[in-house]
Amino acid sequence: MNPFSRRQFIKLVGAVGALSSLSACQFGEEKVIEGRVVIVGGGFGGATCAKYIRRFNPNIEVTLIERDAKFITCPFSNMVLAGLYGIDWITHEYTALRDKYSVKIIQDTVIDIEPIAKKVLLKGGKSVHYDRLVMSPGIDFQWDAIEGYTESISHQIPHAWKAGAQTLLLRDQLQAMKDGGVVIIAPPRNPFRCPPGPYERAGLIAHYLKQHKPKSKILILDAKDTFSKQALFTQGWADLYPGMIEWVEGSFGGHITGVDAKTNTLYNSDKEAYKGDVINIIPPQKAGLIAHKVGLVNEDGWCPINQRTFESQKHADIHVIGDACIGSKMPKSGFAANSQAKVCAAAIVTSLDGTEMPEPSYVNTCYSLIGPDYGISVAAVYRFTEQGIMKIKASGGVSPQNAHADFRRKEAHYAIGWYMSITNDIFDSFS
Amino acid sequence: MKIFAFISILLLPVITQAEMPITRGSMLALSCTGCHGTNGKSPGAIPTIAGKSAGYLITIMKDFRDNRIFSTVMGRQAKGYTDEEITLIAEYLTTYK
Ligand SMILES: Cc1cc2nc3c(=O)[nH]c(=O)nc-3n(C[C@H](O)[C@H](O)[C@H](O)COP(=O)(O)OP(=O)(O)OC[C@H]3O[C@@H](n4cnc5c(N)ncnc54)[C@H](O)[C@@H]3O)c2cc1C
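Residues numbered from 1 in each chain as written. Chains lettered and ligands numbered in written order. Predicted model: local features only at pLDDT ≥ 70, side-chain atom pairs only at ≥ 80, totals over all residues. Heavy atoms only, no water.

Colleague: Help me understand the overall build of chain B, please; the structure alone is not making it clear to me.
Modeller: Along chain B, the regular secondary structure elements total five helices and zero strands. Going from N to C terminus, chain B has its helices and strands arranged as α-α-α-α-α. Looking at chain B residue by residue over its 97 residues, the buried ones come to 49%. Intrachain contacts of chain B at a sequence separation of at least 6 include 51% that bridge at least 24 residues. (Helix = DSSP H or I, 4+ residues; strand = E, 2+ residues; numbered from the N terminus. Buried < 20%, exposed > 50% of the residue type's maximum accessible area, 1.4 Å probe, protein only. Contact = heavy atoms within 4.5 Å.)

This is the structure we're talking about:
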């Protein structure tokens, strides 16, 4: 039989690793640790990265720091608004990451990072050392952009652009609204989290209103003059909810600059007033606050990175993925964050192993539901080039215009399939 | 000497201890798992692509790419990969049963 027990064997390998100075482990240690990676934010980007680093190399120790005990996804939160799903369906646990992939989960808020000392400081008082740090903190809002719209007013006029209590607040307001009411949605300028999201929201709210409050209307007051999948959304709204949804573009008075919360009135720069019964303001955005605190952002408020490895251009050994980073042609989506996280995981693992990362590939597909049986999508496959992450020209594009109802039904069906698969790829959900 | 030869043989199993290698094929296949589930095992409506033969995967990917068969979204995905890349993806995916 083998003269070495498994434990002795690991010790030996550890010793060899230490000799070749590739490993942080010391002779005689129980476990080989080839590096310590700390991940800030357990959402689409962070949780994916944690799982994949452990899958690529179980000798790397991964610690995931997340403020909340569970993760509630923004994807499919518009279905919760429309009363089609409960909040439980979009709530995910960290148990598989902890128990199956042995990721250390710390529930706490990161209050600062010391890039030279390589330390993450937690609100709870502890600090955690890293060899590599991954930041996937998502977005925060530019609270000074719309006069009168503050964080405390958002508890009365929700943004619902982070899922959870905000989603339920907007849902409850829609349910309490009288028939014949006006719902206003005010989307921001680019770039922002989930470019098709506000328009998906309009359609799914219309689905709810059509059934329960058919005399009601939806007014979209947009900061922009065009939006994602515009022709498909416009066609879908006309097919399913004729006359119910009105979109006002930015240069025709749609760009909101102020709010009077006492009277539920929005104002544009010409001081024209729009009064709503339920109002949803989606403010302009920037990288999550902690990225600002640590100095990872540029003058626009987002994090510039090496788009092959996602390493920050501001601090060494810190990687930024997901909504917070500047992903070139990739939109700020959960799908993109998941794709970036896997490439980032491979970049970190190969770098700690001292090997070369093979050519990365990236992908995004945003499904949107206009009604529960009416799905559309926009897709792209990307590669790294000298100009950064670029779409492969022949790939991707949007669903066909004027497609048969059966095509839309299939895509709605696959949209739900996508949601189950991607949360499976992140949290092992639905497995 | 003997001991080191022994270790270098045994080092291999430690590397394969990883659930997933980092190769060109696996990096490309990472672009599939967001829709088809980890390792290509889908929990929902999108078909599972694990456990299929490489030949089947290569043929159907090219059929999607060249619009020979109907798809809602796979045509738009498959157009992002060359013949060589499709082969690498297919070979990687067949490692999962
Ligand atoms: C209504 C809506 C619908 C959407 N639909 C889709 C869709 O259909 N498809 C799609 O692909 N995308 C969709 N998105 C976009 C998607 O939600 C985001 O792009 C995605 O969540 C980005 O991932 P992330 O990792 O960057 O951030 P997040 O997923 O937001 O994760 C960030 C995490 O970091 C934590 N965090 C932040 N700061 C700290 C700190 N200091 N300390 C500790 N923890 C911290 C937060 O609590 C959070 O859990 C939608 C978004 C919205 C708003």
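That covers the picture; the talk isn't over yet.
Colleague: Which parts of the structure should I look at to understand the overall build of chain A?
Modeller: Across its full length, chain A holds 10 helices and 23 strands. Relative to its length of 431 residues, chain A is compact, with a C-alpha radius of gyration of 23 Å against a globular reference of 22 Å. C-alpha atoms of chain A, sized along the principal axes, occupy 80 × 45 × 40 Å. When each of the 431 residues of chain A is scored for burial, the buried share is 58%. Long-range pairs, those at least 24 residues apart, make up 62% of the contacts in chain A with a sequence separation of at least 6. Total accessible area on chain A is roughly 17400 Å²; 52% of this is exposed by carbon and sulfur atoms. (Rg over C-alpha atoms; globule rule 2.2 N^0.38 Å. Areas by Shrake-Rupley, 256 points an atom, 1.4 Å probe, with all protein chains shown as cover.)

Colleague: Sorry if this is basic, but what is going on with the pattern of salt bridges here?
Modeller: Pairing between side chains becomes possible if they bear opposite charge and their charged atoms approach one another. This structure, assessed with the given rule, holds 26 salt bridges over all chains. Taking the shortest distance from any N to any O, the salt bridge between A:Arg55 and B:Glu19 comes out at 2.8 Å. One end of the pair, A:Arg55, is in helix 2 (residues 44-56); the other, B:Glu19, is in the loop between helix 1 (2-16) and helix 2 (24-36), on a second chain. Owing to a relative accessible area of 1%, A:Arg55 belongs among the buried residues under this scheme. We note a salt bridge from A:Arg132 to A:Asp317, for which the minimum N-O separation is 3.2 Å. Linking A:Arg132 in strand 9 (residues 132-135) with A:Asp317 in the loop between helix 8 (289-293) and strand 19 (318-320), this pair joins segments that are 185 residues apart in sequence. Among the charged side chains, a network of salt bridges with common partners joins B:Asp63, B:Arg65, B:Asp66, B:Arg68 and B:Asp83. (Salt bridge = Lys/Arg side-chain N within 4 Å of Asp/Glu carboxyl O.)

Colleague: Is there a simple way to think about the state of the cysteines in this case?
Modeller: In protein structure, a disulfide is the covalent linkage between the sulfur atoms of two cysteines. Residues and elements named next belong to chain A. In this structure the tally under the stated criterion is zero disulfides over all chains. In this model Cys74 remains outside any disulfide bridge; the closest cysteine sulfur is found in Cys194, 8.1 Å from its own. Residue Cys325 stays outside any disulfide, its sulfur separated by 7.6 Å from that of Cys303, the closest cysteine. (Disulfide = S-S within 2.5 Å.)

Colleague: Please explain the domain arrangement of chain A as it appears in this structure.
Modeller: Think of interface size as the accessible area that goes away when the parts come together; that is how it is often given. Residues and elements named next belong to chain A. For chain A, the assigned domains are domain 1 (6-67 + 108-140 + 287-359) and domain 2 (144-283). Inter-centroid distance (C-alpha atoms) of domain 1 to domain 2 is 37 Å. Between domain 1 and domain 2, the contact holds seven residues from the first and seven residues from the second. Carbon and sulfur atoms supply 56% of the area buried between domain 1 and domain 2, which totals about 560 Å² over both sides. It is Ile139, Trp302 and Lys332 that lose the most area in domain 1 upon contact with domain 2, and together they represent 68% of the buried surface on that side. (Domains from an automatic or database assignment. Buried area = accessible area lost by both parts, 1.4 Å probe.)

Colleague: Help me understand the side chain of A:His159, please; the structure alone is not making it clear to me.
Modeller: All names here are of chain A. For His159, the location among the structural elements is in the loop between strand 10 (139-141) and helix 5 (165-176). In this structure His159 comes out as buried when scored by relative accessible area, which is 5%. When neighbours within four sequence positions are excluded, His159 is seen to be in contact with Phe141, Trp143, Tyr149, Ser154, Gln166, Arg201, Asn280, Ile281, Ile282 and Pro283.

Colleague: For this particular structure, what's the right way to read the pairing of strand 17 (residues 278-281) of chain A?
Modeller: Consecutive side chains along a regular strand alternate between the two faces of the sheet. All names here are of chain A. Both faces of strand 17 are covered, namely the face carrying Val278 and Asn280 and the face carrying Ile279 and Ile281. Where strand 11 (residues 182-186) meets strand 17, four bridges bridge the pair, whose relative direction is parallel. Looking at the pairing, Ile185 lines up with Asn280 of strand 17. (Pairing = 2+ DSSP bridges.)

Colleague: What's the story with the nonpolar core in this structure? I'm lost.
Modeller: Most often, soluble globular proteins have nonpolar side chains that are buried together. Residue and element names in this part refer to chain A. Core analysis: the largest hydrophobic core is formed by 137 residues, its most contacted members being Ile53, Ile113, Ile218 and Trp237. The element contributing the most residues to this core is helix 9 (residues 334-353), with 12 residues. Residue contributions to this core reach at least three from each of two domains, namely domain 1 (6-67 + 108-140 + 287-359) and domain 2 (144-283). Residues in contact with Ile113, not counting those within four places in the same chain, are Lys119, Val120, Tyr130, Leu133, Met135, Ile290, Val294 and Ile318. (Core = buried A, V, L, I, M, F, W, Y, C linked by side-chain atoms within 4.5 Å.)

Colleague: Can you help me understand the sheet that holds strand 5 (residues 104-107) of chain A in this one?
Modeller: The pairing of strands in a sheet comes from backbone hydrogen bonds and takes either a parallel or an antiparallel form. All names here are of chain A. Sheet architecture is open: five strands sit in the order 5-2-1-9-19, paired in parallel fashion. Two strands bound the open sheet, and with one partner strand each, they are strand 5 and strand 19. The mean angle between the axes of side-by-side strands here comes to 20°, regardless of whether they run parallel or antiparallel. As judged from the three bridges shared by strand 9 and strand 19, these two strands associate in the parallel manner. Among the inter-strand pairings, Val134 is bridged to a residue of strand 19, identified as His319. (Axes fitted to C-alpha atoms, helices over the stretch in contact; angles between N-to-C directions.)

Colleague: Can you help me understand the interface of chain B and chain A in this one?
Modeller: Taken together, the contacts link 44 residues of chain B with 55 residues of chain A. Summed over both partners, the interface of chain B with chain A buries about 4000 Å², with 64% contributed by carbon and sulfur atoms. Counting the contacts that link chain B with chain A gives three salt bridges. Among the salt bridges present, the one from B:Arg76 reaches A:Glu411, with a minimum N-O distance of 3.4 Å. Our count for the contact surface shared by chain B and chain A stands at 18 residue pairs in polar contact (both at pLDDT 80 or more). (Polar contact = N/O pair within 3.5 Å; in protein donor to acceptor, adjacent residues only side chain to side chain.)

Colleague: Any chance you could explain the site of the ligand here in plain terms?
Modeller: Residues and elements named next belong to chain A. Gly45, Glu66, Ser136, Arg193 and Asp323 are the nearest of the 34 residues found near the ligand. At 3.4 Å, a backbone N or O of Ser333 approaches an oxygen atom of the ligand. Here the ligand loses 95% of its free accessible area of 1000 Å² to cover by the protein chains. Among the elements of the structure, helix 2, strand 2 (60-66), helix 3 (77-81) and helix 9 are those that each provide at least two residues to the shell around the ligand. Ranked by residues supplied to the shell around the ligand, first place goes to helix 9 with three residues. Here the residues of the shell around the ligand sort into 14 nonpolar, 12 polar and eight charged. Each of domain 1 (6-67 + 108-140 + 287-359) and domain 2 (144-283) contributes no fewer than three residues to the shell around the ligand. (Near = heavy atom within 4 Å. Nonpolar A, V, L, I, M, F, W, Y, C, P; charged D, E, K, R; others polar.)

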